[in-house]
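Chain residues, written in single-letter form:
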Amino acid sequence: MHVMFGTKPVRVLSRNHGQGEMERREGLAEAGSTNNKSWGNLMNTFMKRLLPLVAISLFAAACGSEEASAPPSSEPTEQVSPAAPDAPSFAEIAMSPTPDRREQLREAAIANNAPILVYTTSADAVTVAAAFEEEYPELTVEIFRAGAAGTMINRVLTEFGAGSLRADVQVTNDFVTTVLSSAGVHQPFVSEFDAGFDPALRATNDSYQPNINYWMWVYNTDLVSEDELPRTYDDLLDPRWKDELVIARMTDWFYALWNLLGDDRAEEYFTRLGEQNPLLVSNFTEALNPIVAGERGLTITNVSGLVVARQDQGAPIKAYFPEEPTIARGSPIAIFGGGNNPEGGLLFAEFTLDPERGQLVLQSRNRVLGHSAVPPLVDGLVPEQFVGINFADFLPNEDMWLSRLQATLAAR
Amino acid sequence: MSKINLPSSEKDAKAFESRHRTSRFSAKNIVLVGIVLLLAYLTVVPLAFLVYVTFFPDAQFSVEGFRSAFVDRGMANLLASTTIFAAGSSAISMVVGIGLAWYAARTNLPFKQLIFASALMPLVIPALLYGIAWVFLLQPRAGLLAGPINAYLGSDAITAYSMSAMIFVQGLDASPLVFLLLYAAFQTMDPSLEEAASLSGASTWQVFWRVTLPSARPAILGALLIVVVRNFEAFEIPSIMGTPANIYVFSTQIYRVLNFFPPRYSEAGGYSIVLLVVVGFVLFAQNRYLAGNKKFATVTGKGFRSREIVIVGNSRRVLAGFSLLYVLVAVALPLAVLIYSSLIPFVTRPTREVLGRMSLNAYSTVLSDSRISNAFMNSIQLALGSATLVMLVAAIAAWITIRSKVRGAWLVDNLAFVPFIVPGIVLGVALLFVYLRSPVPIFGTLWLLLIAYVTKFIPYGMRYAVPSIVKIHSELEEAATMSGATWLQTFRRILLPLMMPGMIAGWIYVAIIALRELSTSVLLYTPGNDVIAIQIFELWNDGRTAEVGATGVVLITISLVLVIIGRTIGRRDPGRKTPINT
């Protein structure tokens, strides 16, 4: 299904329909090189110009490592296998999903004698790591939970800029993945399970989507009856929903929905939606709490894992998708290559993408899986239609989209 | 007290003179210079980083960050909302903090121990949890407190998502900062002034307003300064209660621009540097005022016993009633909500069905989770270490600021205030940036977090140490010096014991805010070195409200134990033998 809204083509996708590359990847390299340059310049020049000024103080003593202050490379670090001199590099291994690769990785990971470091913004990675350690008891996984996307980006790029990136794997969202990929931090890899993952769903060429989050609409069954539910975006403008809506204020969601509606319609639509006096909260948890508590009737921004967990605990809520396309954002996994235990990192990524291992762990957490052979445990978690978020277009104009959100949805 | 050795002969006089002659390499100078260098080191790193990323965002000088911060983002509205928020909440913090401190430290009113413990509770409950508890209480429809009231009134007048609710909750949250400062000041107050006023016919209110408050002016000024800045930069409560209603303040705006990519350091720096200049000016003026003014020195060479003000009759009942109302509103209600949330899977009205689902499962989950218990251990070590170091450094730095005759000594106080203005996330990036390149392998250890905490909490330590020194008349030091004591002896045996109430208050405050620290830790920790605030933040992001509540309750218990330890140490200190604590 290919729909034209306004002047921007928006490709609406359906699961397993094989529509080809999503628009979001267009222009990625260009946007990325600008961002990377800006970050790198800032950090390098800080070192070069400011260091002499404060060298008089003890500050200089702490910053004196010449080796460490080398400018960051824009190329992924290649890890040379500790085996024979003519052995394939880690980069080559990563791109060659041979049948015996996992065993080779396991042996190399054990030989590295270091924990595998996973940087993540999601609790899923913690659960997958526990299952991984059960499968590979000789290996240890350590988790760095960054909480917010900005923290994750700051941490990885500062480590990278200092030439001491420690992480092996990242499990986060499309936004962070696109930023880090554009900074040239990732090590590209080909998974042994590549065929099971729709290339149209990938956020970047150097990552996979173990699971996808589709924005669901969730209502409190004590406050809202099924026959009065809004089914389209326009239905939300009905006076019935004044003072009843909760929306997670995510600028990338706003951007995607704006483009779905089209420039001509979106401004007026969001202005009117803002007049419905929605609660504009920060994240999915804060969006669901007022619905569960019975404070408000409906949120249009939530995801399956949280919703099903609350339903299992007895919360009076139900979820559904609108008849129009909803917004989708993945939780990609990528590897870094030059970290603590790169072989272990790749092995962890493969475990996560394995339809008989990591994918089943995520399934048990009520996620919608990236692998086509693993359906969700609960019906109704996959929409008929959805649109992804074009981060290559969104990121350079994030400021502008925030201003638009403020001027319309958050104008009251 | 050491034996007094007055110079009795010419030989002794020469020895005395030689001992006290200002030598470039005397112990005193080594300690003072060492502290100044340490402070400079701790503060120059984040300050240099802040200034650089603000004015050189693209490696060339630019004020674009300022333009963007103050022109593009509707500075007038932001400044107005932040000023209203900070002024309103600070007024509440000051009234509540001073009132409770006076009640607990100066009067004979009942429930003093309860009031002391309750006055600290908003500090002991992390701001994130305090804010969440108040949202559960004040949601207009489902709120456990506001819901029934609004239903009765037939309106949504009471709501958590408003400026007035933000001001109220932030005011209560920051009141322990004022309470601790003023409690220490009131404890060390010479009661003879109040007694004289009473004997002259002044009423209790007149004594409080015209004698007690003016003589505590250094502590009040210090408290006002720090509480205003603290409320200016408060993040959690504006984020939880303000942003859903589109109310933004400086801190939430800084957080937003730092979450862009690339992070808008120049903009965040723009906000911070304006704040830095304003606070720097106020600090300068305050120190000039205090340094030249000996009238606030109520601890003199004349011995005194601190005595309570006797209040009887209706005044007693009214004041006790107000204090119990405070305990109920500011402490019991949010604490009850927190405990309630820890017993049920999700927070909703307490119906029979919901109450039937109550369990202690969250506690067993939290207590059996090795990451959480490890984080608790790390946080406790960091709290104890950073509080002790901060107060030691602050005590000496405060002496330099107030007592030393060195020109530009006021700069030390300003220097020590810098980390307060640097946003936590910027401080984190600055330290990460430096220590990733450090030849000393400190990254990946708790030491880096300790450096971060000491840096971040030095300003608080200073605000407790400065009024503590101001209160001590310099005649005591002069007497010790004349009796042959060296500077170090005088500092250790005269000043520190006399400063002890303020130092202990500062130690308690720093230890507890160290237990809550999140914004800098989240950038600097490595697996195995995480702290409890990070665990709470993760649980909250994962929607595990029961575990958030349970962890919060355990954290509050640990914090209370720290308070008890602090008070016990304070009582056991040699200072007990000094007039102020006998």
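**Remarks on the confidence of the model for chain B**
Caution is warranted with low-pLDDT regions, since their predicted coordinates should not be read in detail.
All names here are of chain B.
Part 1 of the argument: On average, residues of chain B score 82 in pLDDT, and 90% of them are at 70 or above.
Part 2 of the argument: Contacts for the low-pLDDT stretch residues 573-582, under 50 throughout, to residues beyond four places or in other chains number 22 contacts.
Part 3 of the argument: Scored as a whole, the predicted complex attains pTM 0.79, and scored at its interfaces, ipTM 0.76.

**Description of the packing of helix α6 (residues 127-138) of chain B against helix α8 (residues 163-187) of chain B**
Residue and element names in this part refer to chain B.
Part 1 of the argument: Two numbers describe how α6 lies on α8: the axes approach to 11 Å, and their chain directions differ by 140°. On the basis of the axis angle, α6 is oblique to α8. As α6 packs across α8, the resulting crossing turns out to be right-handed. Contacts from Ala 127, Tyr 130, Trp 134 and Leu 138 of α6 reach α8 at Ala 165, Phe 168, Val 169, Leu 172 and Asp 173.
Part 2 of the argument: Split by residue class, the contact of α6 with α8 holds eight nonpolar, no polar and one charged.

**Observations concerning the side chain of Glu 538 of chain B**
Part 1 of the argument: One can find Glu 538 of chain B in helix α25 (residues 532-541).
Part 2 of the argument: We classify Glu 538 of chain B as buried; its relative accessible area is 4%.
Part 3 of the argument: Among residues more than four places away in sequence, those in contact with Glu 538 of chain B are Arg 145 of chain A together with Arg 371 and Tyr 525 of chain B.

**Examining the sheet that holds strand β3 (residues 116-120) of chain A**
Residue and element names in this part refer to chain A.
Part 1 of the argument: Taken in spatial order, the four strands make up an open sheet running β4-β3-β5-β13, and their pairing is mixed. In the strand order of this sheet, the two ends are held by β4 (141-145) and β13 (333-335), each with one partner. Averaged over neighbouring strand pairs, the angle between their axes works out to 25° when direction is ignored.

**Regarding the sheet that holds strand β12 (residues 326-330) of chain A**
Paired through their backbone hydrogen bonds, the strands of a sheet run either parallel or antiparallel.
All names here are of chain A.
Part 1 of the argument: Spatially, four strands are ordered β14-β6-β12-β15 in an open sheet, and the strand pairing comes out mixed. In the strand order of this sheet, the two ends are held by β14 (368-369) and β15 (386-387), each with one partner.
Part 2 of the argument: With two bridges connecting them, strand β6 (residues 211-214) and β14 associate as antiparallel partners. Note on β14: the bridge partner recorded for Asn 211 is Leu 369.

**Comments concerning the interface of chain A and chain B**
Part 1 of the argument: Contacts between chain A and chain B engage 77 residues on the former and 64 residues on the latter.
Part 2 of the argument: Counting the contacts that link chain A with chain B gives three salt bridges.
Part 3 of the argument: In this structure, Asp 542 of chain B engages Arg 145 of chain A in a salt bridge whose closest nitrogen and oxygen atoms are separated by 2.9 Å.
Part 4 of the argument: Seen at the junction of chain A and chain B, the total is 18 residue pairs in polar contact (both at pLDDT 80 or more).
Part 5 of the argument: Per element, the largest residue contribution to the side of chain A that touches chain B is 12 residues, and it comes from helix α1 (residues 28-54) of chain A.

**Some remarks on unusual backbone geometry**
Part 1 of the argument: Not every positive phi belongs to a glycine, and Asn 277 of chain A is a case in point at roughly 60°.
Part 2 of the argument: Structurally, Asn 277 of chain A is set in the loop between α9 (263-275) and β9 (279-281).
Part 3 of the argument: Looking at Asn 277 of chain A, the relative accessible area reads 23%, which means it is partly exposed.
Part 4 of the argument: Of note in the backbone geometry, Asn 246 of chain B takes a positive phi value of approximately 65° without being a glycine.
Part 5 of the argument: Take Asn 246 of chain B: it is sitting in the loop between α12 (236-242) and α13 (250-258).
Part 6 of the argument: Exposure remark for Asn 246 of chain B: the relative accessible area of 15% places this residue in the buried category.

**As for the environment of Asn 289 of chain A**
Part 1 of the argument: Examined against the element boundaries, Asn 289 of chain A turns out to sit in helix α10 (residues 284-293).
Part 2 of the argument: The buried category is assigned to Asn 289 of chain A, whose relative accessible area is 12%.
Part 3 of the argument: Measuring from C-alpha to C-alpha, the distance between Asn 289 of chain A and Val 246 of chain A comes to 9.6 Å, with 43 residues separating the pair along the chain.
Part 4 of the argument: Setting aside anything within four residues of it in sequence, one finds Asn 289 of chain A in contact with Arg 310 of chain A together with Trp 540 and Thr 545 of chain B.

**Some points on a nonpolar patch on the surface**
Part 1 of the argument: A surface patch of nonpolar side chains, about 420 Å² in accessible area, is lined by Leu 145, Ile 149, Tyr 152 and Leu 153 of chain B.
Part 2 of the argument: Under the relative-accessibility criterion, Tyr 152 of chain B is labelled exposed at 74%.

**Things to note about the pairing of β4 of chain A**
Residue and element names in this part refer to chain A.
Part 1 of the argument: Within β4, four of the five residues are buried, which leaves the element mostly enclosed by the surrounding structure.
Part 2 of the argument: Across five bridges, the pairing between β3 and β4 is parallel. Bridging from a neighbouring strand, Thr 120 pairs with Arg 145 of β4.
Part 3 of the argument: A crossover connection joins β3 to the parallel β4 through helix α5 (residues 124-135); in handedness this β-α-β unit is right-handed.

**Things to note about the nonpolar core**
Part 1 of the argument: The biggest cluster of nonpolar side chains holds 295 residues, and the ones touching the most others in it are Trp 253 and Phe 270 of chain A together with Phe 179, Leu 182, Phe 186 and Met 241 of chain B.
Part 2 of the argument: Take this core: its biggest share by element is 20 residues, from helix α23 (residues 487-516) of chain B.
Part 3 of the argument: Residues Phe 90, Tyr 136, Val 141 and Val 171 of chain A belong to the second largest nonpolar core, which totals 33 residues.

**Observations concerning the pairing of β3 of chain A**
Residue and element names in this part refer to chain A.
Part 1 of the argument: Taken across its five residues, β3 has five buried, putting it largely inside the fold.
Part 2 of the argument: The alternating pattern of β3 places Ile 116, Val 118 and Thr 120 and Leu 117 and Tyr 119 on opposite faces, both of which are buried.
Part 3 of the argument: Both β3 and strand β5 (residues 169-171) contribute to a ladder of three bridges, which runs parallel. Within β5, the position partnered with Val 118 by the bridge is Val 169.

**Observations regarding the confidence of the model for chain A**
Part 1 of the argument: Residue-level pLDDT values for chain A average 82, and 79% of them are 70 or greater.
Part 2 of the argument: For the stretch residues 16-83 of chain A, pLDDT sits under 50, and the model shows 131 contacts to residues farther than four places along the chain or on other chains.

**Here we look at helix α8 (residues 251-261) of chain A**
All names here are of chain A.
Part 1 of the argument: Of all 11 residues in α8, 11 are buried; the element is thus mostly enclosed.
Part 2 of the argument: Taken as a whole, α8 has its buried residues at Thr 251, Asp 252, Trp 253, Phe 254, Tyr 255, Ala 256, Leu 257, Trp 258, Asn 259, Leu 260 and Leu 261.
Part 3 of the argument: Gly 262 occupies a position one or two residues after α8 and carries a positive phi of about 95°.

Cut-offs and rules
- Residues numbered from 1 in each chain as written.
- Chains lettered and ligands numbered in written order.
- Predicted model: local features only at pLDDT ≥ 70, side-chain atom pairs only at ≥ 80, totals over all residues.
- Heavy atoms only, no water.
- pLDDT = per-residue confidence, 0-100.
- Contact = heavy atoms within 4.5 Å.
- Axes fitted to C-alpha atoms, helices over the stretch in contact; angles between N-to-C directions.
- Helix = DSSP H or I, 4+ residues; strand = E, 2+ residues; numbered from the N terminus.
- Parallel < 35°, antiparallel > 145°, perpendicular 65-115°, else oblique.
- Left-handed = near helix turned anticlockwise from the far one by under 90°.
- Nonpolar A, V, L, I, M, F, W, Y, C, P; charged D, E, K, R; others polar.
- Buried < 20%, exposed > 50% of the residue type's maximum accessible area, 1.4 Å probe, protein only.
- Pairing = 2+ DSSP bridges.
- Salt bridge = Lys/Arg side-chain N within 4 Å of Asp/Glu carboxyl O.
- Polar contact = N/O pair within 3.5 Å; in protein donor to acceptor, adjacent residues only side chain to side chain.
- Patch = residues over 30% accessible without salt bridge, like charges linked within 9 Å, V, L, I, M, F, W, Y side chains within 5 Å.
- Areas by Shrake-Rupley, 256 points an atom, 1.4 Å probe, with all protein chains shown as cover.
- Right-handed = clockwise from strand over helix to strand, strands pointing away.
- Core = buried A, V, L, I, M, F, W, Y, C linked by side-chain atoms within 4.5 Å.

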